[in-house]
Amino acid sequence: LVLQYMDFSKGHSLEGIRSEIDRLRAARFISAREAEAVNARAIERLFASSLGKRMLAAEKPMREFRFSLLMDADKLYGDAAKGEELLLQGVVDCCLEENGKLCIIDYKTDNVHTEAGIAQRSAFYAGQLRAYASALRRIFGMEVSGCVLYFLAAGKIVEIPQKDLQ
C-alpha cells in the first residue's frame, strides 16, 4: 500500500520514506497497524537499486493501472483455448515508459530469500506478467521492452526473459 500511494520523490532516504509512511497513516491511506508493519528499509533498498533509480527518473510512472480487457484465450493459454475469449482484469503495480516502450514492474511481498525460492516464485509469476504485457501492448499500442519482479523481502530484481512474455 505504501508503494501504491507514496510520493516516489521521497524514496531517496529512509527518513523520507518514514515521513511518507506517517503521512499516509495520518491521511488514512493506511492504518496505524499497517504503518507499523511496513519495512521501510525494504523500500529504501528498492529505491537505491538500479530499478528504483529508473522509477525515480521516470517522467510519469503509471502506478496501480487497472484494466479490464476481453482477450482471445489462446494468447495466454495456447492452441488448447483457440476460439475462446476471456475477460482479463488486473492491476499493474508500476509501468514506466522508456524510449517509446513500456517496462512493467510488479512488487512482490513473498517471504523468499534463497535463489531457488526466488527462481520458483519468479516462474510462478511469469504468467501474470505475460498477461499484463499482452494487455498493455493492446491498450497502449506500444511494445513492452520488459517485465520486472521486485521481491521486497530479498531486495532482489528479477527480469522475466522476453521469450516468456510472448
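The rules behind the values
Residues numbered from 1 in each chain as written. Predicted model: local features only at pLDDT ≥ 70, side-chain atom pairs only at ≥ 80, totals over all residues. Heavy atoms only, no water. Helix = DSSP H or I, 4+ residues; strand = E, 2+ residues; numbered from the N terminus. Rg over C-alpha atoms; globule rule 2.2 N^0.38 Å. Buried < 20%, exposed > 50% of the residue type's maximum accessible area, 1.4 Å probe, protein only. Contact = heavy atoms within 4.5 Å. Areas by Shrake-Rupley, 256 points an atom, 1.4 Å probe, with all protein chains shown as cover. Lys, Arg positive; Asp, Glu negative; His and termini not counted. Charge placed at Lys NZ, Arg CZ, Asp CG, Glu CD.

A. The overall build of the protein, seen in detail. Counting its secondary structure elements, the protein contains 7 helices and 5 strands. N-terminal to C-terminal, the α/β element order of the protein is α-α-α-α-α-β-α-β-β-α-β-β. Over its C-alpha trace the protein gives a radius of gyration of 17 Å, about what one expects of a compact globule, namely 15 Å for 166 residues. With the C-alpha coordinates aligned to their principal axes, the bounding extent of the protein is approximately 50 × 35 × 30 Å. Across the 166 residues that make up the protein, the buried fraction comes to 43%. Within the protein, counting contacts between residues at least 6 apart in sequence, those at least 24 apart form 61% of the total. Surface summary for the protein: the accessible area is close to 9,300 Å², and the carbon and sulfur share equals 48%. Computing the positive centroid from 23 side-chain charges and the negative centroid from 23, the protein places the two 3 Å apart.

B. Geometry of unusual backbone geometry. In this structure, Arg28 takes a positive phi of about 65 degrees despite not being glycine. Structurally, Arg28 can be placed in the loop between α2 (14–26) and α3 (32–37). The class for Arg28 is exposed, based on a relative accessible area of 75%. One non-glycine residue, Glu64, adopts positive backbone phi at about 50 degrees. In this structure, Glu64 sits in strand β1 (residues 62–72).

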